[in-house]
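# A structural walkthrough
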Amino acid sequence: MATKKTAVTATEEAITVEAAEEATVKAKVLRTYRDKETLNLQKAGTIVELTAERFQELSAKGYVRKA
């Protein structure tokens with residue numbers, strides 16, 4: 001079975017990068033928490049940049065809100 005090869009153009013790569021950047025949310029930390037991915041301590045009052053999925057998870061638990 002032959003595999004189909006596709007070429008990725010610079011424009012397609014740029015669109016992918018832009019989509020990834022748009023998928024982030026700036027959020028204000030309401031309660032201090034330790035990030036499970038980086039293990040960094042995020043203190044209350046700071047502004048952090050999160051993925052949309054991570055923002056939903058943390059906002060549902062009351063740790064952050066949109067900045």
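As shown above, the structure is provided for reference.
Residues numbered from 1 in each chain as written. Predicted model: local features only at pLDDT ≥ 70, side-chain atom pairs only at ≥ 80, totals over all residues. Heavy atoms only, no water.

### Regarding the pairing of strand β1 (residues 24–29)
Keep this limit in mind: Only protein chains enter the calculation, and the probe is 1.4 Å; a residue is then buried if its accessible area is under 20% of its type maximum, exposed if over 50%, and partly exposed in between. The helix count covers DSSP runs of H or I at least four residues long, the strand count covers runs of E at least two residues long, and both are numbered beginning at the N terminus. Paired strands, in this sense, are two strands between which DSSP finds at least two bridges.
Taking every second residue as pointing to the same face, the buried face of β1 carries V25, A27 and V29, while none of T24, K26 and K28 on the other face is buried. The pairing of β1 with strand β4 (residues 47–51) spans 5 bridges and is antiparallel. Paired with K26 across the two strands is E49, which belongs to β4. Two elements, β1 and strand β5 (residues 64–66), share 3 bridges in a ladder whose sense is antiparallel. Across the sheet, residue V29 finds its bridge partner in β5, namely V64.

### Notes on the side chain of R54
Note the threshold: For this analysis, a polar contact is any N or O atom pair within 3.5 Å, provided that within protein one partner can donate a hydrogen and the other can accept it, and provided that sequence-adjacent residues contribute only side-chain to side-chain pairs.
Within the secondary structure, R54 sits in helix α2 (residues 52–60). Engagement of the side chain of R54 in a polar contact is seen with the side chain of E57, the distance being 3.0 Å.

### Quick look at the environment of T51
We apply this condition: Whether two residues touch is decided by their heavy atoms; if any such pair falls within 4.5 Å, the residues are in contact.
When you line up the elements, T51 lands in strand β4. Since its relative accessible area comes to 44%, T51 is described here as partly exposed. Along the sequence, T51 and A23 sit 28 residues apart, while their C-alpha atoms lie 5.8 Å from each other. Excluding residues that lie within four positions of it along the chain, T51 makes contacts with A23 and T24.

### Brief notes about the layout of surface pockets
Filter applied, for reference: Residues are said to line a cavity or pocket when one of their atoms sits within 4 Å of a point; the points come from a 1 Å grid over protein atoms alone, cavities being sets where a 1.4 Å probe fits but cannot get out and pockets being open sets with protein on both sides within 12 Å along at least five of seven lines. Grid points are joined across faces, edges and corners, and a volume is the space filled by probe spheres set on the points. Polar here means any residue other than Ala, Val, Leu, Ile, Met, Phe, Trp, Tyr, Cys and Pro, which are nonpolar, and Asp, Glu, Lys and Arg, which are charged; Gly is therefore polar.
Considering only enclosed or pocket space, the largest pocket measures out at about 180 Å³ in volume. Considering the residues around the largest pocket, the lining is formed by 13 residues, among which D35, E37, E49, L50 and R54 are closest to the centre. Counting only elements with at least two residues in the lining of the largest pocket, the list comes to β4 and α2. Per element, the largest residue contribution to the lining of the largest pocket is 4 residues, and it comes from β4. Grouping the constituent residues of the lining of the largest pocket by class yields 3 nonpolar, 3 polar and 7 charged.

### What to know about the nonpolar core
Put simply, the rule reads: We define the nonpolar core as a collection of buried residues of types Ala, Val, Leu, Ile, Met, Phe, Trp, Tyr and Cys that are connected through side-chain atoms lying within 4.5 Å of one another.
By size, the foremost hydrophobic cluster in this structure holds 9 residues: V25, A27, V29, Y33, V48, L50, F55, L58 and V64. For this core, the secondary structure elements donating two or more residues are β1, β4 and α2. The biggest single contributor to this core is β1, with 3 residues.

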